[in-house]
Amino acid sequence: MSFSLPVMRPLLPTRRALAPYLRRIDHNRWYSNMGPLAQELALRLGHHHGAPALPLANATVGLTAALLAHDLPPGGRCLMPSWSFAATAQAARMAGLTPFFCDVAPEHGQLTPQLAEQSLATAAGPVVAVMPVCPFGHPVDWLGWQDFRRRHSVAVIIDAAAAFDTVQASEIPAVVSLHATKALGAGEGGYALCRDEELLRRMVRVINFGMDESRQSVTLGGNGKLSEYHAAVALAGLDHWPQRRRRLATLLGRLRRAVGDFAHWPAGLGDAYVTSTACVGFADSWAMEQALRDHGIETRRWWSGPLHRHPAFADGQQLPITEHLAATTLGLPCWIGMGRTEITALAQALAHVNHDRPATR
Ligand SMILES: *Cc1c(COP(=O)(O)O)cnc(C)c1O
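For the protein chain, the name recorded in an unreviewed UniProt entry is DegT/DnrJ/EryC1/StrS family aminotransferase, with Magnetospirillum sulfuroxidans as its organism. UniProt, in the comment section headed Sequence similarities (unreviewed entry), describes the protein chain in these words: "Belongs to the DegT/DnrJ/EryC1 family."

### Focus: a nonpolar patch on the surface
Taken together, Leu22, Tyr31 and Tyr229 make up a surface patch of nonpolar side chains, about 270 Å² in accessible area. Residue placement: tyrosine 229 occurs in helix H8 (residues 228–239).

### Looking at the domain arrangement of the protein chain
Its domain assignment divides the protein chain into domain 1 (15–238) and domain 2 (241–354). Once you take the C-alpha centre of each, domain 1 and domain 2 turn out to be 25 Å apart. Listed as interface residues are 35 residues of domain 1 and, on the opposing side, 29 residues of domain 2. When domain 1 packs against domain 2, close to 2,700 Å² is buried across both sides, 64% of that on carbon and sulfur atoms. When the buried area of domain 1 at its contact with domain 2 is split by residue, Trp83, Phe101 and Phe136 rank highest and sum to 27% of it. For the pair domain 1 and domain 2, the number of links is one salt bridge. Arginine 245 is the salt-bridge partner of aspartate 165, the closest N and O atoms lying 2.8 Å from each other. The interface formed by domain 1 and domain 2 contains 14 residue pairs in polar contact (both at pLDDT 80 or more). Of all the secondary-structure elements, those providing two or more residues to the side of domain 1 that touches domain 2 are strand E2 (77–81), helix H4 (86–94), strand E3 (98–102) and H8. Sorting elements by how many residues they give to the side of domain 1 that touches domain 2 places H4 first, with four residues. Split by residue class, the side of domain 1 that touches domain 2 holds 21 nonpolar, 10 polar and four charged.

### Let's talk about the environment of histidine 230
Inspection of the secondary structure puts histidine 230 in helix H8. Relative accessible area serves as the criterion here: at 29%, histidine 230 is assigned to the partly exposed category. Taking the C-alpha atoms as reference, histidine 230 lies 9.4 Å from serine 32; in sequence the two are 198 residues apart. Residues contacting histidine 230, with those up to four places away along its chain left out, are Ala186 and Glu188.

### Re the packing of helix H9 (residues 241–259) against helix H12 (residues 340–354)
One way to put it is that H9 packs onto H12 with a least axis distance of 9 Å and a crossing angle of 25°. Of the possible angle classes, the one that applies to H9 and H12 is roughly parallel. Crossing geometry of H9 relative to H12 is assigned as right-handed. Contacts between H9 and H12 involve Leu251, Arg254, Leu255, Ala258 and Val259 from the first element and Arg340, Ile343, Leu346, Ala347 and Leu350 from the second.

### Here we look at the site of the ligand
Residues in close proximity to the ligand include Asn58, Ala59, Thr60, Ser84, Phe85, Ala87, Val133, Asp159, Ala161, Ser177, Lys182 and Gly189, which together make up its full environment. Between lysine 182 and the ligand, the recorded distance is 3.1 Å, taken from a side-chain N or O atom to an oxygen atom. Within the shell around the ligand, the residues separate by chemical class into five nonpolar, five polar and two charged.

### Focus: unusual backbone geometry
Not every positive phi belongs to a glycine, and asparagine 33 is a case in point at roughly 55°. Note on placement: asparagine 33 falls in the loop between helix H1 (15–28) and helix H2 (36–49). Taking relative accessible area as the criterion, asparagine 33 reaches 45% and is therefore assigned partly exposed. Residue phenylalanine 136 is not a glycine yet carries a positive backbone phi of 50°. With respect to the helices, strands and loops of the structure, phenylalanine 136 is situated in the loop between strand E4 (127–130) and helix H6 (142–151).

### Focus: helix H10 (residues 285–294)
Helical geometry note: an α-helix holds 3.6 residues per turn, so side chains three or four residues apart project in the same direction. Buried within H10 are the following residues: Ser285, Met288, Glu289, Ala291 and Leu292. Among the structural elements, helix H11 (320–328), strand E10 (329–332) and H12 are those in contact with the buried residues of H10. Glycine 296 occupies a position one or two residues after H10 and carries a positive phi of about 80°.

### Quick look at H12
In a regular helix each residue adds 1.5 Å, so 15 residues correspond to 21 Å; H12 covers 21 Å between its end C-alpha atoms and thus fits that length. When we look at burial in H12, the residues that qualify are Ile343, Leu346, Ala347, Ala349, Leu350, Val353 and Asn354. Buried positions in H12, seen along its axis, are confined to an arc of 160° and lie on one side of it. Exposed and facing more than 90 degrees away from the buried side of H12 are Arg340, Thr341, Gln348 and His352. Tucked into the core, H12 has its buried residues touching H9, H10 and E10.

### Notes on the packing of aromatic side chains
In total, this model carries seven aromatic pairs according to the counting rule given. For the pair phenylalanine 101 and phenylalanine 313, a centre-to-centre distance of 6.2 Å together with 70° between the ring planes defines the contact as edge-to-face. Of this pair, phenylalanine 101 sits in strand E3 while phenylalanine 313 is found in the loop between H10 and H11, placing the two residues 212 residues apart along the sequence. With 4.8 Å between their ring centres and 85° between their planes, phenylalanine 164 and tryptophan 241 make a pair best called edge-to-face. A residue pair is termed long-range when its members are at least 10 positions apart, and phenylalanine 164 in the loop between strand E6 (158–159) and strand E7 (174–177) and tryptophan 241 in helix H9 qualify at 77 residues. There is no split in this pair, since phenylalanine 164 and tryptophan 241 are both buried. The rings of Trp83, Phe136 and Trp303 are connected pair by pair, giving a single aromatic cluster. The positively charged end of arginine 9 is found above the aromatic ring belonging to tryptophan 335, 5.3 Å away from the centroid. Against the face of phenylalanine 100 rests arginine 77, its NZ or CZ located 5.8 Å from the ring centre.

So, how was this worked out
Residues numbered from 1 in each chain as written. Predicted model: local features only at pLDDT ≥ 70, side-chain atom pairs only at ≥ 80, totals over all residues. Heavy atoms only, no water. UniProt positions renumbered as here; feature names shortened; annotations may be inferred. Patch = residues over 30% accessible without salt bridge, like charges linked within 9 Å, V, L, I, M, F, W, Y side chains within 5 Å. Areas by Shrake-Rupley, 256 points an atom, 1.4 Å probe, with all protein chains shown as cover. Salt bridge = Lys/Arg side-chain N within 4 Å of Asp/Glu carboxyl O. Helix = DSSP H or I, 4+ residues; strand = E, 2+ residues; numbered from the N terminus. Domains from an automatic or database assignment. Contact = heavy atoms within 4.5 Å. Buried area = accessible area lost by both parts, 1.4 Å probe. Polar contact = N/O pair within 3.5 Å; in protein donor to acceptor, adjacent residues only side chain to side chain. Nonpolar A, V, L, I, M, F, W, Y, C, P; charged D, E, K, R; others polar. Buried < 20%, exposed > 50% of the residue type's maximum accessible area, 1.4 Å probe, protein only. Axes fitted to C-alpha atoms, helices over the stretch in contact; angles between N-to-C directions. Parallel < 35°, antiparallel > 145°, perpendicular 65-115°, else oblique. Left-handed = near helix turned anticlockwise from the far one by under 90°. Near = heavy atom within 4 Å. Expected span 1.5 Å × (residues − 1). Arc of directions from axis to C-beta. Phe/Tyr/Trp six-rings, centres within 6.5 Å; stacked < 30°, edge-to-face > 60°. Lys NZ or Arg CZ within 6 Å of the ring centre and 35° of its normal.

Here it is, written out as structure tokens:
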């Protein structure tokens, strides 16, 4: 089916913005393996966030590498919210761990240090790692997690894939995605941010075939390096980030004003922080999805249901808050260039669907 209003139209730097970086690649004849552009990207991301950064091929490989860099016992449990994207659980599996799902806090849909402490206390077996997730770019309790890490002998890795605008550096690694659909896109790509430089050095080995400086494989590893071409796109994206952030904030503000009467809008989205999706709550998201589709408006469940219901991870648990969030959350159309006409069309469709219903919360 084709939609008159698509849910996402990614926008990456134009070839004009890329040209100076591509000329440098032509001149350097260095195309991957932490070349000059990837090094510059590491420096600029480090400057942007105020902590060392490591460019990566994508966030999923980065989460896997961060887990592997901790040398955890194979098969150990990795605690994570079921309310996340499949990549969180897949990364744990690829690092040889067993995803162990828990419920989230209702107010912001995240695993908190307090909830993790409860899960550690009640888990049937040892938990070796915890992976909190920034839901749709919403910030987590960065310092609370750092404290948690100091108090418990488990690895903590933050899946901050959608959180380019909110991520805060600490002693625990946070992994950000530069996928085309994220706030800052490079096509494919990502980076880890961490004040623990020794841990970043171990991650460098993991994403480079487990090799040390003498090019001997000394540990398990694979290929998680960012190419110079993707680094070029990320650098051009960073050049224009202030403008892009303003455009996202304006868009999200307009969307909030247009849909706020009909949907639960996440606290802070569009004013305190920006991201590339507008995932909002409806009392009956299934009916809303269908009704919007009838109006030619595309929506998306960006996480395709709770992880503990995906066939690859199904564990038979009941996680009521996660299930409620999955049943009520819908990604609305949200993309740079979406104008007043599209936003009005969305608002009118919502008003039409809602004319005989009370406002939903
Ligand atoms: C996008 C996303 C990922 C995957 O990032 P890639 O760079 O595509 O590997 C992982 N986790 C969450 C929560 C995401 O939103």
